[in-house]
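Spelled out from the first residue to the last, the chains are:
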Amino acid sequence: MTARNGTRAASLVAFSALITIAAYLPSMQGPFVWDDLGEIAENPAMRTLFPPWRPMFEGGELPHRPIPYLTFAMNYALGSLLGDPLGTLPFHAVNVLVHLANGAILSWIVLHILTRQPSTSGTQATSAGFLSWLAATLWLVHPLQSQAVSYIYQRIELLAALAALATIAAFLKAAATGRPFPWMITAVIACSLGMACKEWGLVVPLVVLLADRTLLAGSWREVLALRGSWHAALFATIPILFVVVASQRSRYPETSFSAWQAAVYAFNQPAIILWYLSRLIMPWGQSLDHGGVVRQEIFGRDAWLLLPLIGLLTAVGWAIWSLPRRPITAFMILAFLLLLAPTSSILPVQDVCVEHRMYLAAAIPIVAAVTLAASHVRPLIPAGILLAIVLAGITASRNTVYRSAVAIWQDAVAKNGGSSRSLSRLGAELSKLDRHAEAVAAGEAAVARNPNNPVPYAALAAALINADRLEEAAGICTAGLATAPPHEPRSFADPVLDRLALYHGIALDRLGDPGGETLLREAVARRPESLVAREHLARALLHSDPRESAVLWAALVSQSPEDAHLLFNLGSALARFDPTQAVGILSRAVALDPHNPDAFNNLGNVLLMLDRRDGAARAYRQCLELMPDHPQAAANLRALGEAGNRSRMNP
């Protein structure tokens, strides 16, 4: 490579990185949303790295993907060192870095394939290096990728793609070098890690096998003769995925679906795949929740779905038939469908349409379009750079929505016509902002949209509890629990029903009903890893059994010793029977969070119990500096002053 070519290559790489980062800057400080909350922000298992299997397999409600979950815990640890463990900027930054790494590996794979194929008119006119760079850059900045990158929890998708791309790249490198062993070890390790990232890793060995047949070998016999043992090693990683899934089978709602539901889901997917492809051409209309409903009248008004199904089957048949004659085209069709197969075939998943499923698969049609354009677009270089800039601008515009959780769900409600789930999530976010009337209205609309699903009932119950409308909340919980199917053995433990039972316990406890404590104990027994359930039980026991309450708070503090909120509650429980120990705990709480007036007030109370009047007075004054109208601190300080005056008058 000449110095001039090297400078141009470095400039192109820098350009790709800069416009990708620019496209994602608007979302870099966006909040945790949706599954980010329960699986990361509120998951106590994320607060420790040792032992590593704790964040990999414990806490949360969704199926754990061990490698991504471990990286979430690493992000939390990094944030702790920076003084803000749940600051979202480092989480977003890691997602963007993984995305950039994926683009770099994709560019190398495309370059490797183009340089090994016979030259075409397109590659003669435009260098393979530029084509590989352009394909990867367009893939990096395409708006369809925004959900996978900007939605923190979808790092799962990013890391699964990283593992798949690394597996393919290492395999191609092994086949091209005289010393294949180190590269095949790399491929097997990457494939193994991919099996612990996401379930679609199952198809990666198949994609590599297909790539070998179409890109490297002239026949299946040649594949098996030259590299059969390599493929056997990659397929041998699949049991890792089976172990991960089997170990947490109860977390997968798909295990409860019937064969008929699977067939209906598969019937819908060809049309969804066409929608995915249309978004590559028309890059707008992105939404965090499309609210798609599975069309079930196969032999009625939904029979038109037979057309995309027939088209899909025809494409598969043509690709298989054309494999010996048009191997590259056949590979692109089959690999694209293989990457989508785990979520877009006969395995029904809860969402019929989700953008992040196209994250890696989108690379194939983009590469095909770029190589085709090389023969027909002149000049390709400025046209390609201009297109990349336009796409990056659209992506940046889309990412402005991720700055606010309310904005994200308002956007989803507007685009999906107000699906029950989006309305539920919007209500939850409004409730956090104390916009109680709007939150309850959104929750009621969600229930009206889908009265047979427990999800909107849970959202409405939470909004009513936050609005202190406890009797209504208890009634909604009862109605939501009634939507559960008749009791029967199930392989899936629905976390939403557990959440409704928890909310029912909270509402009853706050109403003074002793049944609330019973329900809270049952909630903790069902999900002992739930931080929310244990916190509410500890709070409920504060008056009836402060010693047991303190034990529960102490257990939570042991998991998060620097959590000022937990320390404050532990100190408040200890103050009822052990003020000496409470002083130390509350002192730690105010040191970690010097902006909590209640903590200073409670610290003053326990100091007063120990007859440390000067310290108590200082604590009350600090409380009043933070909250001048704090009624308890003001009264306590006045009483303390009056008591001091009497003692001076009557020595």
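Undergrad: How should I be thinking about the environment of Leu-624 in this particular structure?
TA: Secondary-structure assignment places Leu-624 in helix α31 (residues 613-626). Owing to a relative accessible area of 19%, Leu-624 belongs among the buried residues under this scheme. Note: C-alpha distance between Leu-624 and Ala-373 (251 residues apart in sequence) is 69 Å.

Undergrad: What is the right way to read the pattern of salt bridges from this model?
TA: Once their charged atoms are close, side chains differing in charge can pair, the charge on each being opposite to the other. As enumerated under the stated definition, the model contains 20 salt bridges in all. Residue Arg-613 is joined to Asp-611 by a salt bridge in which the shortest nitrogen-to-oxygen separation is 3.2 Å. Classification of Arg-613 by relative accessible area gives partly exposed; the value is 39%. Given the relative accessible area of 52%, Asp-611 is considered exposed. Connected via shared salt-bridge partners are Asp-289, Asp-351 and Arg-421.

Undergrad: Got a minute to help me understand a nonpolar patch on the surface in this structure?
TA: Together, Phe-181, Ile-185, Ile-189 and Leu-193 give the surface a local cluster of nonpolar side chains, amounting to about 400 Å² of exposed area. For Ile-189, a relative accessible area of 48% puts it in the partly exposed group.

Undergrad: Whenever I open this one, the packing of aromatic side chains confuses me. Can you help?
TA: Each aromatic ring pair is described using two quantities: the centre-to-centre distance and the angle formed by the ring planes. Within the structure shown, the criterion is met by 12 aromatic pairs. A ring pair is formed by Trp-275 and Tyr-276, whose centres lie 6.1 Å apart and whose planes are at 70°; its orientation type is edge-to-face. For Trp-275, a relative accessible area of 24% translates into the label partly exposed.

Undergrad: Where do I start with the packing of helix α27 (residues 546-559) against helix α28 (residues 564-574) in this structure?
TA: Helix-helix packing: each pair is described by the crossing angle between the helix axes and the interaxial distance. The interhelical angle for the contact between α27 and α28, taken along N-to-C directions, is 155°, at an axis separation of 8 Å. Taken together, the axes of α27 and α28 lie roughly antiparallel to each other. Pair α27 / α28 crosses with left-handed handedness. The residues of α28 that touch α27, namely those facing Pro-546, Ser-549, Ala-550, Trp-553, Ala-554, Leu-556 and Val-557, are Leu-566, Leu-567, Asn-569, Leu-570, Ala-573 and Leu-574.

Calculation criteria
Position numbers for residues start from 1 in each chain and track the written sequence from start to end. Where totals are concerned, whole chains, interfaces and linings use all residues; where local detail is concerned, this predicted model gives features only for residues with pLDDT of at least 70, and gives and counts side-chain atom pairs only at 80 or more. No hydrogens and no water enter the side-chain calculation; it runs on all heavy atoms of the structure. Secondary structure follows DSSP: runs of H or I at least 4 residues long count as helices, runs of E at least 2 residues long count as strands, and numbering of each begins at the N terminus. Residue exposure (1.4 Å probe, protein chains only): buried if accessible area is under 20% of the type maximum, exposed if over 50%, otherwise partly exposed. Within this document, salt bridges are pairs made up of a side-chain nitrogen of Lys or Arg and a carboxyl oxygen of Asp or Glu, the two lying within 4 Å of each other. Surface patches are defined over residues having more than 30% relative accessible area and no salt bridge, joining like charges when they lie within 9 Å and nonpolar side chains (Val, Leu, Ile, Met, Phe, Trp, Tyr) when within 5 Å. Per-residue and other accessible areas follow the Shrake-Rupley method at a 1.4 Å probe size, with only the shown protein chains counted as cover for residues. Under the pairing criterion, centres of Phe, Tyr and Trp rings, with the six-membered ring standing for Trp, must be within 6.5 Å; the plane angle then separates stacked pairs below 30 degrees from edge-to-face pairs above 60, leaving the rest tilted. Here, axes are lines fitted to C-alpha atoms. For helices the fit covers the stretch in contact, and angles between N-to-C directions go from 0 to 180 degrees. Every angle not falling under 35 degrees, over 145, or within 65 to 115 is termed oblique; those three ranges are roughly parallel, roughly antiparallel and roughly perpendicular. Crossing handedness follows the turn of the near helix against the far one: under a right angle anticlockwise gives a left-handed crossing, and clockwise gives a right-handed one. We call two residues contacting when some pair of their heavy atoms lies within 4.5 Å.

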